[in-house]
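# Structure assessment
Spelled out from the first residue to the last, the chains are:
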Amino acid sequence: MRKLAGIVIAGIFFISMMMLFYHLPASHDLSSNEYYYRNPINGSVANESIPEHYIKYTKNETGAVNAVTAIVVEYRGFDTLGEVTVLFTAATGVSFLLSLAVRGRKREEANLILKEGSKLVLPFILLTGAYIFIHGHLTPGGGFPGGSVVASGFLLMMLAYPKFFMKDRISWFESAAGTAFVVIGLLGLVLATSFLQNFIPVGTPGQLVSAGIIPLIYIAIGFKVGSELSAIVNKMKEVQG
Amino acid sequence: MIWAMYFAVAVLLTAGLYGVITKKNLMKVFISLSIMETGVNLLLITIGYIPGGTAPIENGNFAKYVDPVPQALVLTAIVIGVSVTALALSLLIMYHSKAGTLEYKEGMKW
Amino acid sequence: MHPVLLIAIPLLVAFIIPLFKKYGPSIALGALALNTGISIALFSVVYSTGTVHEIIAGFAPPIGIFLAVDSLSALLAMIINLFALINFMAIGKASEYKFSMLYLLAVAGSTGIVITGDIFNMFVFFEITAVASYALVASRKDKKSMEGAIKYMILGSLGSIFILIGIALIYSQLKSLNIYDIASRISTMDAKIKWASVAMLLTGIGVEAEIFPLNGWVPDAYQGASGGVASLLSFGPSKAAIYAIARIMLVIFPLQKVYYLVLTIGVITLLIGELAALKQENVKRMLAYSSIGQMGLITIAIAMGMNEKNAILAIFFLMVSHASSKASLFLLSDSSGMGSAATKYTGIVSVLGIVGMPPFAGFWGKWYLLMAAINGNMLWVIVLIFFSGIVEAAYFARYLHRYYGNEESFSRLTKYSMAVLATMSLIFGLLPLIYEMGLKTLFGMGGV
């Protein structure tokens, strides 16, 4: 019965989605005038579309060469603050829910190769992660991939050493990085005119030290994502299902 | 090319939806939801794709760039998906330790 | 006045709390008090100067994100923060610090949904609210609350997928995410895609707003949650979500066909909720179904608000009435009885408020809805309002009869908090008597 309902609903859904996608354009010309935006506050119509604006002016307005990074951290930085908060909320929720769980799952010792090998590669993994989030405004990547790489290093240690357990100090990093993000935002409100606005000279695009607050925020995000993901894995590791 | 991607989006969304409706094991339901999320992310990327475009990183020679906005949105959507999955897993762990099962046939009625 | 502080402060405090574990609840209480003050100040600014815009990151919208606080959203932000403060006084003292973090995040998310002017930003705040609510619903950590949370989570994730598809469809046509920019160019959209995005957004947001297609989680989640959390859900996330529907439908898609769609959904939701509430034995389930019914009524008001100014007033009063009465009734439902003077007062005042006796806010909600129905010549809406009122009166009479006078075990602070929450309906109900003239010009939807 349930299967039949599933097939019928999924079938209708599939057909309607395909009919819908048939109406989506196969290609877009971002400079076409049907996409010209209108400023909602004063009503003036621009002669460019929004993505076109990002591609054209990212370098001048933010100092970053990577347009995606500029959008994530500057133009739509508020979304990113929210996104980091979602991750933080989930990590808090995980530790809140698992605080009553039965702990003490027994695990076998890993073999020598895994143990020694993971010690050897851990610094390089952390270094790669840090490289990715520090260079977020220049290359593909940024705080989220970088943070995940850092967390994967700690995950490797947890696999190699069953007793490897991160103390509560990890929540320090979570708190400090999140606080840094909001404080940078508030500094923008105080030193410039609006929340999360850049208040540091943008420098020469393409240099490591450039793009104003983008590298600072990405470093904070990198630390936050790294500590958050490690904390989640750390919490789940010892729980007996 | 682009039609193949739209087709893949529809397949992923439909497969996920079918799983959510028919599967009785809660773990499988959440896996199905993850499949749907992947479908939506692919949809966003497809919408931003421009045939022949390159990654929107300025490198001096003016190539045709793809739309950077959907990529930024997908980054957000992926992180949100990961967070929800993490919370779902811990809820399932707790539910399993209380109910002794992950099937919602017994106990959970819709 | 910076509306962004309403979001930045609770986030900052939630990030800091793990460093001061012991004082978590007190710090959270302080942040909520500060937020309430800011939201009241914000409302007074909006009242005197009209819609407040705040640009984020220094880029003019729609290039950057902006916050658009119109009169209805300023009021709703004020209600969410004020009620959260009172509710937290009732339940927060004894809670863990992680509970207060999640509580703050849920309140910040709901406030964000209400004041943001960007559709993707709204989605992000939806997720903050939803993730925090999933954890809060499960906070009793017994089997029942886990079940409720899992159901909520399955439908909530499905809903957020639909919202995202809707946003993607709009973006594919207009290359914009700003609600007002989209609204000004909506006529250039392909009609079929416009329809599909309306359906997707309505389904997705409808999960949180407890309206018809995907509201199966509501009774289980409310039954599983503790009274304080159920109370938070009834004035925070669900109100913010129904406001999001109002903003999206009234600002972006004020079309005749959408009007019929929203109206139909509202009527179905109202009938299902009220009739199911009549059959329930468990108090929390009854209150939850009654909430669904009220949400249906608000949805009807939203649909009629497309043509009628009176109905927009009705949206506001119905929201206030439902938030105040349901919040106090859910707090009351933790213990099976009304023994002392404070709880008796809470029970009676809340029930009178929700049934719609003058001069409570619920009365004005139904009054303005009736006005709108009479102006629009819609006899059946009048019949529907009276029918739902009679059904509500029936099951709330049974409720009072069953619990009035029984023993209960609340701390004094909890009792007084819920009494204050219930009184809010009365206070807002006195507004129309004082500001009879000014109200209609005050409550407009998002004029930019």
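What you see is a predicted model; the values in this text were computed from it and never measured.

## Some thoughts on the overall build of chain A
What chain A contains, in helices and strands, is 8 helices and 0 strands. Starting at the N terminus, the α and β elements of chain A follow one another as α-α-α-α-α-α-α-α. Relative to the compact-globule value of 18 Å for 241 residues, chain A shows a C-alpha radius of gyration of 23 Å, a clear excess of over 25%. The principal-axis extents of the C-alpha atoms in chain A amount to approximately 65 × 60 × 35 Å.

## Focus: the overall build of chain B
Broken down by element type, chain B carries 3 helices and 0 strands. In chain B, the succession of helices and strands from N to C terminus is α-α-α. Rg of the C-alpha trace for chain B: 19 Å, well past the compact-globule value of 13 Å for 110 residues, more than 25% over. Dimensions of chain B along its principal axes, counting C-alpha atoms only, are 60 × 25 × 15 Å. In chain B, which comprises 110 residues, the share counted as buried stands at 55%. Taking all contacts inside chain B whose residues are at least 6 apart in sequence as the whole, residues at least 24 apart take part in 53%. For chain B, the computed accessible surface area is about 4,400 Å², with 67% contributed by carbon and sulfur atoms.

## Thoughts on the domain arrangement of chain A
Residue and element names in this part refer to chain A. Taken domain by domain, chain A comprises domain 1 (26-62) and domain 2 (65-240). Using C-alpha coordinates to define each centre, domain 1 is positioned 32 Å away from domain 2. Domain 1 puts 6 residues into the contact, and the matching count from domain 2 is 13 residues. Summing both sides of the interface, domain 1 and domain 2 together bury roughly 770 Å²; the carbon and sulfur share of this comes to 69%. At the junction of domain 1 and domain 2, the tally comes to 0 salt bridges. Connecting domain 1 to domain 2 are 1 residue pair in polar contact (both at pLDDT 80 or more).

## Describing the interface of chain A and chain C
Listed by partner, the interface residues are 57 residues for chain A and 69 residues for chain C. For the chain A face of the interface with chain C, the top three residues by lost area are Pro40, Phe78 and Phe96 of chain A, together amounting to 15%. Our count for the chain A to chain C interface comes out at 1 salt bridge. In this assembly, chain A and chain C are joined by 15 residue pairs in polar contact (both at pLDDT 80 or more). Secondary structure elements with two or more residues in the side of chain A that touches chain C: helix H1 (2-23), helix H2 (50-62), helix H3 (67-75), helix H4 (77-97) and helix H7 (170-191) of chain A. With 15 residues, the single largest contributor to the side of chain A that touches chain C is H4 of chain A. Along the lines of polarity and charge, the residues of the side of chain A that touches chain C split into 30 nonpolar, 18 polar and 9 charged.

## Side note on the nonpolar core
Most often, soluble globular proteins keep nonpolar side chains buried together rather than apart. Counting residues in each nonpolar core, the largest one holds 280 residues, and the members touching the most others are Phe78 of chain A together with Tyr399 of chain C. The element contributing the most residues to this core is helix H6 (residues 143-174) of chain C, with 19 residues. The residues touching Phe78 of chain A, leaving out its near neighbours within four places in the chain, are Phe195 and Leu196 of chain A together with Val4, Ile7, Ile56, Ile65, Leu67, Asn121 and Phe125 of chain C.

## Looking at a nonpolar patch on the surface
Nonpolar side chains collect at one region of the surface, where Trp172, Phe173 and Phe223 of chain A together with Leu19, Phe20 and Tyr23 of chain C lie side by side and expose about 680 Å² of accessible area between them. Tracing the sequence through the fold places Phe173 of chain A in helix H7.

## Points about the interface of chain A and chain B
The partner chain B presents 47 residues to the 49 residues of chain A that form the contact. Where chain A abuts chain B, roughly 4,200 Å² becomes buried across the two surfaces, and 80% of that area is made up of carbon and sulfur atoms. In terms of surface lost to chain B, no three residues of chain A exceed Arg2, Phe21 and Ile55 of chain A, which account for 15% of the buried area on that side. Inspection of the region where chain A meets chain B yields 0 salt bridges. Looking at the side of chain A that touches chain B, the elements with two or more residues in it are H1, H2, H3, H4 and helix H8 (214-237) of chain A.

## Some remarks on a positive patch on the surface
Together, Arg2 and Lys3 of chain A together with Lys23, Lys24 and Lys28 of chain B make up a region of like positive charge exposed at the surface. Structurally, the position occupied by Lys28 of chain B is in helix H2 (residues 26-48). Owing to a relative accessible area of 44%, Lys28 of chain B belongs among the partly exposed residues under this scheme.

## A word on the packing of aromatic side chains
Residue and element names in this part refer to chain C. Counted according to the given criterion, the structure contains 31 aromatic pairs over all chains. Both rings, one in Phe83 and one in Phe235, keep their centres 5.9 Å apart while their planes meet at 75°; by these two values the pair is edge-to-face. With Phe83 in helix H3 (residues 71-91) and Phe235 in helix H10 (residues 227-235), the pair connects residues that are 152 residues apart, well separated along the chain. Here the two residues Phe83 and Phe235 agree in accessibility, since each one is buried. When the centroid spacing of 6.3 Å and the interplanar angle of 35° are considered together, the rings of Phe99 and Tyr103 count as tilted. On the criterion of helical spacing, the pair formed by Phe99 and Tyr103 is a turn pair, its members being 4 residues apart in helix H4 (residues 97-115). Comparing Phe99 with Tyr103, the two get one shared label, buried. Taken together through their ring pairs, the aromatic side chains of Phe316, Phe317, Phe363, Trp364, Trp367, Tyr368 and Phe428 make up a single cluster.

## A look at the pattern of salt bridges
The full count for this structure, using the stated rule, is 15 salt bridges over all chains. The closest approach of N and O atoms between Glu52 of chain A and Lys56 of chain A, which form a salt bridge, is 3.6 Å. Pair noted here: Glu52 of chain A and Lys56 of chain A are both in helix H2, with a separation of 4 residues, about one helical turn. Lys56 of chain A sits in the partly exposed class, given a relative accessible area of 44%. Across the salt bridge formed by Arg185 of chain C and Asp181 of chain C, the nearest N and O atoms sit 3.1 Å from each other. With Arg185 of chain C and Asp181 of chain C both in helix H7 (residues 179-185) and 4 residues apart, this pair spans about one turn of that helix.

## Looking at the side chain of Lys239 of chain C
By secondary structure assignment, the location of Lys239 of chain C is in helix H11 (residues 237-252). Despite being buried, Lys239 of chain C has no salt bridge partner; Glu210 of chain C is the closest side chain of opposite charge, sitting 6.6 Å away.

## Things to note about H3 of chain A
The buried fraction of H3 of chain A is high, at 9 of 9 residues. Contacts made by the buried residues of H3 of chain A are with H2, H4 and H8 of chain A together with helix H3 (68-99) of chain B. Where H3 of chain A begins, the capping side chain belongs to Asn66 of chain A, and its oxygen is found 3.1 Å from the backbone nitrogen of Val68 of chain A.

## Some words on the environment of Val72 of chain A
Residue and element names in this part refer to chain A. In this structure, Val72 sits in helix H3. By relative accessible area, Val72 is classed as buried at 4%. Each C-alpha atom of the pair Val72 and Lys59 lies 14 Å from the other, and the pair is 13 residues apart in sequence.

## Side note on the pairing of strand E1 (residues 52-55) of chain C
Residue and element names in this part refer to chain C. The two faces of E1 differ: Val52 and Glu54 on one face are buried, but His53 and Ile55 on the other face are not. Pairing of E1 with strand E2 (residues 66-69) involves 4 bridges; the strand directions are antiparallel. Directly across from Val52, in E2, lies its bridge partner Val69.

## What about helix H6 (residues 143-160) of chain A?
For H6 of chain A, built from 18 residues, the straight-helix expectation of 26 Å at 1.5 Å per residue is met to within 8% by its first-to-last C-alpha distance of 26 Å. Buried residues of H6 of chain A: Gly143, Phe144, Gly146, Gly147, Val150, Ala151, Gly153, Met157, Met158 and Ala160 of chain A, and no others. Structurally, H6 of chain A contributes buried residues whose contacts are with H4, helix H5 (112-134) and H8 of chain A together with H3 of chain B.

## Quick look at unusual backbone geometry
A cis amide bond links Pro61 of chain C with the next residue in sequence, Pro62 of chain C, at an omega value of 5°. Positive phi, close to 65°, is recorded for Leu196 of chain A, a residue that is not glycine. Along the polypeptide, Leu196 of chain A turns up in the loop between H7 and H8. For Glu210 of chain C, which is not a glycine, the phi torsion comes out positive at approximately 65°. Glu210 of chain C sits in the buried class, given a relative accessible area of 1%.

Calculation criteria
Residues numbered from 1 in each chain as written. Chains lettered and ligands numbered in written order. Predicted model: local features only at pLDDT ≥ 70, side-chain atom pairs only at ≥ 80, totals over all residues. Heavy atoms only, no water. Helix = DSSP H or I, 4+ residues; strand = E, 2+ residues; numbered from the N terminus. Rg over C-alpha atoms; globule rule 2.2 N^0.38 Å. Buried < 20%, exposed > 50% of the residue type's maximum accessible area, 1.4 Å probe, protein only. Contact = heavy atoms within 4.5 Å. Areas by Shrake-Rupley, 256 points an atom, 1.4 Å probe, with all protein chains shown as cover. Domains from an automatic or database assignment. Buried area = accessible area lost by both parts, 1.4 Å probe. Salt bridge = Lys/Arg side-chain N within 4 Å of Asp/Glu carboxyl O. Polar contact = N/O pair within 3.5 Å; in protein donor to acceptor, adjacent residues only side chain to side chain. Nonpolar A, V, L, I, M, F, W, Y, C, P; charged D, E, K, R; others polar. Core = buried A, V, L, I, M, F, W, Y, C linked by side-chain atoms within 4.5 Å. Patch = residues over 30% accessible without salt bridge, like charges linked within 9 Å, V, L, I, M, F, W, Y side chains within 5 Å. Lys, Arg positive; Asp, Glu negative; His and termini not counted. Charge placed at Lys NZ, Arg CZ, Asp CG, Glu CD. Phe/Tyr/Trp six-rings, centres within 6.5 Å; stacked < 30°, edge-to-face > 60°. Pairing = 2+ DSSP bridges. Expected span 1.5 Å × (residues − 1).

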